[in-house]
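A structural walkthrough
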Amino acid sequence: MFTESLCNFVNRTSYEDIPPDVIKAAKDAILDYIGVTMSGSQEPSGVMMTEMVKESNSAPEATVIGARFKASCELAALANGTSAHTQDYDDCLDFPKAGLAHPTAGTFSGLLTVGEKNHASGKDLLTAYCLGVEAYGKIGQFLIKNGGAGSRGWEWTGTLGVIGSTIGLSKMLKLSESQMINALGTASTMASCLIRNFGSFAGHIHGGVGARNGIEAVKLAMKGY
């Protein structure tokens, strides 16, 4: 079963198993993410999302990038993931026969906020991020081989972003294999972002929605959902 094999791979992979060139690429992608998120937070859609998050008065758990306040992990991830994708300059995951859009906005935004709240180490954060992007890419390739998603109107950044977020968070929070499978089931039913929204504010939210939904899917799985 594809899901079981993926979760087994994630559970048994450690920082030491990840090749040095992959770690370097991950660091570069995270640096890029911070830059585009800071910039995007000053764009109209980033500003509006930040304002909405601030007005929620949620628990101050994690930093909203480009603002001077903290919010709950879910809402901070929503704001940061949206800002990261606002200008469309965030990193792309491209293969010879397929482009899988922007993996980091959805995959990393939740890791950053939950990692901040839980004081995660740099190695744990990098390990979780690398495995989240691995899952994002592998599931994207699996979908392309079996009929695609983009051809049916679904957009990769959010549709796969929630998968990358869920896998990364499951690794960082040390979920069991069965919990991770359950989290993926919940995350998959939250995966719905439309290509039709390209070029609009609705398209900017794809990274943020993927990150937020990944956090919620993992929290539910930890409760036995």
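Please refer to the structure higher up on the page.
Since the structure is predicted, the reported quantities are computational estimates derived from the model, not experimental observations. (Residues numbered from 1 in each chain as written. Predicted model: local features only at pLDDT ≥ 70, side-chain atom pairs only at ≥ 80, totals over all residues. Heavy atoms only, no water.)

**Here's the deal with the pattern of salt bridges**
By the definition in use, this model includes 5 salt bridges. Measuring nitrogen to oxygen at the nearest pair gives 2.7 Å for the salt bridge that ties Lys138 to Glu134. You can see Lys138 and its partner Glu134 sitting in helix H6 (residues 122-145), 4 residues apart, about one turn around the helix. Exposure remark for Lys138: the relative accessible area of 39% places this residue in the partly exposed category. (Salt bridge = Lys/Arg side-chain N within 4 Å of Asp/Glu carboxyl O. Helix = DSSP H or I, 4+ residues; strand = E, 2+ residues; numbered from the N terminus. Buried < 20%, exposed > 50% of the residue type's maximum accessible area, 1.4 Å probe, protein only.)

**Notes on helix H3 (residues 44-55)**
In this model, H3 (12 residues) spans 17 Å end to end at C-alpha, consistent with the 16 Å of a helix rising 1.5 Å per residue. Buried residues along H3 sit against helix H2 (20-40), strand S2 (70-71), helix H4 (73-86) and helix H10 (201-204). Two residues or fewer past H3, Asn57 is found with a positive phi of approximately 55°. (Expected span 1.5 Å × (residues − 1). Contact = heavy atoms within 4.5 Å.)

**Let's talk about the side chain of Ser170**
Structurally, Ser170 is set in helix H8 (residues 161-172). Apart from the residues within four sequence positions on either side, Ser170 is in contact with Leu175, Met180, Ala183 and Val218.

**Things to note about the packing of helix H5 (residues 103-118) against H6**
With their axes 10 Å apart at the nearest point, H5 and H6 run at an angle of 145° to one another. Seen along the crossing, H5 lies across H6 with a hand that is right-handed. Mapping the contact onto sequence places Pro103, Thr104, Thr107, Phe108, Leu111 and Leu112 in H5 and Leu125, Ala128, Tyr129, Gly132, Val133 and Tyr136 in H6. Classifying every residue of the contact of H5 with H6 by side-chain character gives 9 nonpolar, 3 polar and no charged. (Axes fitted to C-alpha atoms, helices over the stretch in contact; angles between N-to-C directions. Left-handed = near helix turned anticlockwise from the far one by under 90°. Nonpolar A, V, L, I, M, F, W, Y, C, P; charged D, E, K, R; others polar.)

**Some remarks on the packing of aromatic side chains**
In this structure the tally under the stated criterion is 3 aromatic pairs. Taking the centre distance of 5.5 Å and the plane angle of 80° together, the rings of Phe108 and Tyr129 count as edge-to-face. Residue Phe108 is found in helix H5, and its partner Tyr129 is found in helix H6; the two are separated by 21 residues along the sequence. The same class applies to Phe108 and to Tyr129, which are both buried. These aromatic residues form a ring-pair network of at least three members: Tyr33, Phe108 and Tyr129. (Phe/Tyr/Trp six-rings, centres within 6.5 Å; stacked < 30°, edge-to-face > 60°.)

All we've got here are geometric facts, nothing functional implied.
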